[in-house]
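Architecture and fold: a report
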Amino acid sequence: MLLLQKKTVSILLIGLLFLACKNETEEIKTNSAYITDVFEYVYAPGQHAPLAKATDVAYFKGDPAQQSKWLYLGGFGGYITAGFDHDIVNREGFDFEVYALSGSAPEPAVVYVMPDENGDGKPNETWYELKGNQFENSKRNYWLRYYKPSGSANVKWLDSEGLTGELVSGFGGTTSAAWWWSETKTDSITFAGTRLPDSYENNPVNGAEYWTVPVDKFTWGYAENINGTDFEKSSGANKLDISNAVDANGNPIHLQNIRFIKIQTGVFQQAGWTNEVSAEVRGAKALE
């Protein structure tokens, strides 16, 4: 009888040890350093509309080194919301990085973060902007409404300051009609967020347009910004610090951790023949 009890206890201990190892193994497998979920992707009117596909969200998940393409965000307001499969702790220094399109000129995107306080695994709480060096020169709570063009007309727009205009193609077509994304089924679409200062400057050479972004214009705090001091050439990514989070009033706020990120084209500018300033990104990674 005593031998049977010892045997039963041994079996139970082995079973518990197996479950503990199994749970530890599963945790290791599920905690990825890279983005695992994409919740929403909306392209804003821009020249790459014919190339932007809803299925391209696949290029924002996982290790960018294993991907062959990238994600177009389009002009001002275009965005993607995504998440990690675990909380990213706000540590000393940089906490995560967002991969830029390799070899591209700076087309700064604003980065927002959100913790998962209610624990439901969905980005349905409050977004907090990560401020960059142009924070004081930006327009917060800005919105821009684009109107679907009729036929071959230009895309028209109206903004929160009452200004109006049209998107005019600098090359590749006589109008911007093709800039309307096929996934946008409504007659208009409105984007809201922080508008950054114009990035490009035109310094003509021999009478021809020559558009460049001053190296000291956007120095830190933005995605797709190869001029940033936070840009790591070896990885092709901009590093971000959760400690730079601000609330809706622009006041600093301390976040212990975050789970979700939102990347949004922050510049509303047409730089001559280069057309609209539109960010392209390739995923994100936690720096743990």
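Residues numbered from 1 in each chain as written. Predicted model: local features only at pLDDT ≥ 70, side-chain atom pairs only at ≥ 80, totals over all residues. Heavy atoms only, no water.

**Notes on the environment of Ala 82**
Residue position: Ala 82 is located in strand β3 (residues 79-89). A C-alpha to C-alpha distance of 8.2 Å links Ala 82 and Pro 123, two positions 41 residues apart in sequence. Sequence-distant contacts of Ala 82, defined by excluding residues within four places in its chain, comprise Ile 35, Asp 37, Val 38, Phe 39, Phe 60, Arg 259, Phe 260 and Ile 261. (Helix = DSSP H or I, 4+ residues; strand = E, 2+ residues; numbered from the N terminus. Contact = heavy atoms within 4.5 Å.)

**Observations regarding the pattern of salt bridges**
Evaluated as defined, the whole model comprises 6 salt bridges. One salt bridge in this structure joins Arg 259 and Asp 87, with 3.7 Å as the shortest N-O distance. You can see Arg 259 sitting in strand β16 (residues 257-265) and its partner Asp 87 sitting in strand β3, a full 172 residues away along the chain. With a closest N to O distance of 3.1 Å, Glu 97 and Lys 239 form a salt bridge. On the criterion of sequence distance, the pair formed by Glu 97 in strand β4 (residues 96-100) and Lys 239 in strand β14 (residues 237-240) is long-range, its members being 142 residues apart. On the basis of relative accessible area, Glu 97 is assigned to the buried category, the value being 3%. (Salt bridge = Lys/Arg side-chain N within 4 Å of Asp/Glu carboxyl O. Buried < 20%, exposed > 50% of the residue type's maximum accessible area, 1.4 Å probe, protein only.)

**Concerning the packing of aromatic side chains**
In the structure shown here, the tally under the stated rule is 9 aromatic pairs. An angle of 85 degrees between the planes, with centres 5.6 Å apart, marks the rings of Phe 39 and Phe 260 as edge-to-face. One end of the pair, Phe 39, is in strand β1 (residues 37-42); the other, Phe 260, is in strand β16, and 221 residues separate them in sequence. Taking the relative accessible area as the measure of exposure, Phe 260 reaches 1% and is therefore buried. (Phe/Tyr/Trp six-rings, centres within 6.5 Å; stacked < 30°, edge-to-face > 60°.)

**Section: the pairing of β16**
Burial runs high along β16: 8 of the 9 residues are buried. For β3 and β16, the ladder comprises 7 bridges, and the chain directions are antiparallel. Within β16, the residue paired with Thr 81 across the bridge is Lys 262. Of the pairings in the sheet, the one linking strand β5 (residues 109-114) to β16 comprises 6 bridges and is antiparallel in character. Bridging across to β16, Val 113 finds its partner in Ile 261. (Pairing = 2+ DSSP bridges.)

**Digging into the sheet that holds strand β17 (residues 279-286)**
The strand order β2-β17-β4-β14-β13 describes an open sheet built from 5 strands, whose pairing is antiparallel. Two strands bound the open sheet, and with one partner strand each, they are β2 (71-74) and β13 (231-232). With 4 bridges joining them, β4 and β14 adopt antiparallel strand pairing. Note on β14: the bridge partner recorded for Tyr 99 is Ala 237.

**A word on the nonpolar core**
Counting 34 residues, the largest nonpolar core has Tyr 41, Phe 60, Phe 96, Ile 261 and Ile 263 as its most contacted members. Not counting residues within four places of it along the chain, the set of residues in contact with Phe 96 comprises Val 111, Val 113, Leu 130, Asn 238, Lys 239, Leu 240, Ile 242, Ile 261, Lys 285, Ala 286 and Leu 287. Within the second largest apolar cluster, 15 residues are counted, among which are Phe 76, Leu 144, Leu 167 and Trp 180. (Core = buried A, V, L, I, M, F, W, Y, C linked by side-chain atoms within 4.5 Å.)

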